[in-house]
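# Overview (structure and organization)
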Amino acid sequence: MRFSTTLSSGPPRYTLRTRQPLSFNRHCQYLSSGTHHKSLLTIAIETSCDDTCVAILEKAGPAARLQFNKRIPSNHVEFKGIHPTIASKSHEIQLAKLVNEAVQSLPEHTNHSPEVKTISIRDPQTGKSTSRRLPDFVSVTRGPGFPRCLDVGLGVAKGLSVAWQVPFLGVHHMQGHALTPRLDHALQQPFPPSSSTPSSKLSPKFPFLTLLASGGHTQLLLSTTLTTHTILATVTNISLGDMLDKAAREILPPSLLSSLPNITYAAALEQFAFPSPSYKYTPPPNRHSETLPSPLPSPPFEPGWFLTPPLSLSKEMTFNFSGFGGQVQELAQFYPHTKLDRVRAEESNQILSPPSLTTEQRRILARETMRLAFEHLASRVVFALRELQPVSEADKRHGTGRNDLKRLKGLLRGGQKIETLVLSGGVASNKFLRHVLRSVLDQRGWPDIKLAAPPVSLCTDNAAMIAWAGMEMFETEGVETDLGVRSIQRWSLDGSLGEEGTRGVMGVDGWLKRQKM
């Protein structure tokens, strides 16, 4: 049987096939007498990059709780960056053991209902077996990511689905990041909810903006529904996280760099730049101010040294960190010698004094690098808001004046209003980034826009966000995934962008529509 309708508006989607479900109603169980909410349970796997992650999430109504959530990073210190082969080997070594550890946290089956599927789990410490509730479905990251890494997670997830005879659901990694604040909100609700618990809707509500900043991605998204996401701005070269990692390897004192236990260089750069969380930051009052070259203070720097902000002469809805990152690295590597000094020395066979930066200079350079990069992010958020939600009469008449932004005006309909800017991805854990964005929004006329940033543990790649995205897709969209699907290396979250067959959450093969019971 085939459906002729699609799950969401927008460009044509793949037709959804339907199958006899592994009964949704049969798996859900009531938490206790006196509650109106059924509980859904999923185990989730995330292996898109270098972290091996497994989580078990239970959801009832607007509330959720994590029964298990663990992440094992792979070691790439030797390479000073992520090596896909090393990452996939680490997944092969760690994932099965981590799943075996996770199933020990499956909730005990206490109501003895014959309609709830169970499994006997043996405690490795005591040897005692207990009856545990099986997950209602298995969630796993299907893409985007490194194919070999994704395939390890997909293989294990499919095996669990077949062995347990429960549905399997392949999740879009970026959708997981975008929905993380909704997970955070659900985790803060009383669990289990009872009939006396005041009803609560998930927050943030659609539509909202998402600023995704990580080691692999930098994007500004408009999310209008669970499956409809529009990319407003994306990076044209290297990501923000990648730029900060490379800058950190040049800025951080060698002794500190060599002592780091892992490759979280950007996080170390923030800690080095701000030993205490006191920022003394003044946001640029207007666009002109944020485009001006930024002189480095003299002293301690010699006069004439400055940094040029990214895309300072452009209002394009893109992010660009390559040229700016090159400026920073060159300064850190060669200061106090300019490029002209080095050329003249080479032509005259002179030997220049060794380049050197004091600790104070390194700290100032770290702060300025982050400030200018974060203001670049904030500038594109402001551009988008001026078109989507103008605050001044001039904005209402002219917006930004950019033709490439005028398409945004039709994305919000029926009085929809953006109330929240979501921060997600590993760089979202940077507290200075949060401070800069909040300050710029307040300065430019959007103090009412809420800034939703998940806890640090949920900013980096994790399986809890995959569990939550799977939960919303399974429960709200009523879908699961065919067991024959393959991983997707490049998968655009925007239904209007990307290659055919990889456009949008629903624009890929393998979705199955579950029949309602």
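Reading the values: rules and limits
Residues numbered from 1 in each chain as written. Predicted model: local features only at pLDDT ≥ 70, side-chain atom pairs only at ≥ 80, totals over all residues. Heavy atoms only, no water. UniProt positions renumbered as here; feature names shortened; annotations may be inferred. Helix = DSSP H or I, 4+ residues; strand = E, 2+ residues; numbered from the N terminus. Buried < 20%, exposed > 50% of the residue type's maximum accessible area, 1.4 Å probe, protein only. Contact = heavy atoms within 4.5 Å. Pairing = 2+ DSSP bridges. Phe/Tyr/Trp six-rings, centres within 6.5 Å; stacked < 30°, edge-to-face > 60°. Lys NZ or Arg CZ within 6 Å of the ring centre and 35° of its normal. Polar contact = N/O pair within 3.5 Å; in protein donor to acceptor, adjacent residues only side chain to side chain. Expected span 1.5 Å × (residues − 1). Salt bridge = Lys/Arg side-chain N within 4 Å of Asp/Glu carboxyl O. Axes fitted to C-alpha atoms, helices over the stretch in contact; angles between N-to-C directions. Parallel < 35°, antiparallel > 145°, perpendicular 65-115°, else oblique. Left-handed = near helix turned anticlockwise from the far one by under 90°. Nonpolar A, V, L, I, M, F, W, Y, C, P; charged D, E, K, R; others polar.

The protein chain has the name N(6)-L-threonylcarbamoyladenine synthase in an unreviewed UniProt entry, where Podospora bellae-mahoneyi is given as its organism. Recorded in UniProt under Subunit (unreviewed entry), the annotation for the protein chain is "Homodimer." According to the UniProt record, the Catalytic activity (unreviewed entry) comment for the protein chain reads "L-threonylcarbamoyladenylate + adenosine(37) in tRNA = N(6)-L-threonylcarbamoyladenosine(37) in tRNA + AMP + H(+)".

### Examining the overall build of the protein chain
Helix and strand content of the protein chain: 16 helices and 19 strands. Across the 517 residues that make up the protein chain, the buried fraction comes to 53%. In the protein chain, the share of contacts with a sequence separation of at least 24, taken over all contacts with a separation of at least 6, comes to 70%.

### Things to note about the sheet that holds strand β12 (residues 229-235)
With respect to topology, six strands assemble into an open sheet ordered β15-β12-β11-β10-β16-β17, the strand pairing being mixed. Sheet topology places β15 (318-319) and β17 (450-452) at the edges, where each strand pairs with a single neighbour. Here strand β10 (residues 208-213) pairs with strand β11 (residues 218-223) via six bridges, running antiparallel. Bridge pairing links Leu209 to Leu222 in β11.

### Describing the packing of aromatic side chains
The full count for this structure, using the stated rule, is nine aromatic pairs. Aromatic side chains Phe274 and Phe432 sit 4.7 Å apart centroid to centroid with 45 degrees between the ring planes, which places their arrangement in the tilted category. Here Phe274 is found in the loop between α8 (265-273) and α9 (287-291), whereas its partner Phe432 is found in helix α15 (residues 431-444), with 158 residues between them in sequence. Across the pair, exposure class does not vary: Phe274 and Phe432 are buried alike. Ring plane angle 85 degrees and centroid distance 6.0 Å describe the contact between Tyr281 and Phe432, whose orientation is recorded as edge-to-face. With Tyr281 in the loop between α8 and α9 and Phe432 in helix α15, this residue pair connects regions lying 151 residues apart in the sequence. Three or more aromatic residues joined by ring pairs form one cluster here, namely Phe274, Tyr279, Tyr281, Phe374 and Phe432. Geometry around Phe334 places Arg342 over its ring, the cationic atom sitting 3.9 Å from the centre. We note Arg363 situated over the ring of Phe272; from NZ or CZ to the ring centre the distance is 4.5 Å.

### Observations regarding the side chain of Thr52
Here Thr52 shows up in strand β4 (residues 51-60). For Thr52, a relative accessible area of 0% corresponds to the buried category. One polar contact links Thr52 to His91, side chain to side chain, over a distance of 2.7 Å. Leaving out residues up to four positions away in the same chain, Thr52 has contacts with Glu46, Lys70, Arg71, Ile72, Ser90, His91, Gln94, Leu95 and Leu98.

### With respect to helix α6 (residues 240-251)
Taking 1.5 Å per residue, 12 residues should reach 16 Å; α6 reaches 16 Å between its end C-alpha atoms and fits that length. All of the buried residues in α6 are Leu240, Gly241, Met243, Leu244, Asp245, Ala247, Ala248 and Ile251. Against the buried residues of α6 lie β10, β11, α7 (254-259), α8, α10 (322-334) and α12 (359-388).

### Quick word on the pattern of salt bridges
Summed over all chains, the structure comprises 16 salt bridges. With a shortest N-O distance of 3.7 Å, Lys205 and Glu419 are connected by a salt bridge. Residue Lys205 is located in the loop between α5 (180-187) and β10, and its partner Glu419 is located in the loop between α14 (403-406) and β16 (420-424); the two are separated by 214 residues in the primary sequence. Of the residues examined, Glu419 reaches a relative accessible area of 32% and is grouped as partly exposed.

### So, the pairing of strand β6 (residues 118-122)
Of the pairings in the sheet, the one linking β6 to strand β7 (residues 129-133) comprises five bridges and is antiparallel in character. Paired with Ile121 across the strands is Thr130, a residue of β7. If you look at the hairpin formed by β6 and β7, you'll find six residues sitting between the two strands, and Gly127 has a positive phi there, around 80 degrees.

### Some thoughts on the packing of α12 against α15
Direction vectors running N to C along α12 and α15 enclose 45 degrees, while the axes themselves pass 9 Å from each other. Looking at the two axes, α12 sits oblique to α15. Considering how the two elements wind past one another, α12 and α15 form a crossing that is right-handed. Only Phe432, Leu433, Val436, Leu437, Val440, Leu441 and Arg444 of α15 make contact with α12, whose side of the interface consists of Arg367, Met370, Arg371, Phe374, Glu375, Leu377, Ala378, Val381, Val382 and Leu385. Split into classes, the residues belonging to the contact of α12 with α15 amount to 13 nonpolar, no polar and four charged.

### A look at α5
With seven of eight residues buried, α5 lies mostly within the body of the structure. Buried within α5 are the following residues: Thr180, Pro181, Arg182, Leu183, Asp184, His185 and Ala186.

### Here's the deal with the pairing of strand β9 (residues 168-172)
Within β9, five of the five residues are buried, which leaves it mostly tucked inside the rest of the structure. In this structure, strand β8 (residues 137-143) lies alongside β9, joined through five bridges in parallel fashion. Bridging from a neighbouring strand, Val140 pairs with Gly170 of β9.

### Focus on the side chain of Asn430
Of note, Asn430 is situated in the loop between β16 and α15. Polar contacts involving the side chain of Asn430 include one to the main-chain amide nitrogen of Leu433, which spans 3.0 Å. Leave out the neighbours within four places in its chain, and Asn430 touches Glu270, Met370 and Phe374.

### Observations concerning the environment of Ala44
Within the element layout of this structure, Ala44 appears in strand β3 (residues 38-46). We classify Ala44 as buried; its relative accessible area is 0%. For Ala44 and Pro135, which are 91 residues apart along the polypeptide, the C-alpha to C-alpha distance reads 9.8 Å. Setting aside its immediate chain neighbours within four residues, Ala44 contacts Cys53, Val54, Ala55, Ser139, Ala463, Ile466 and Ala467.

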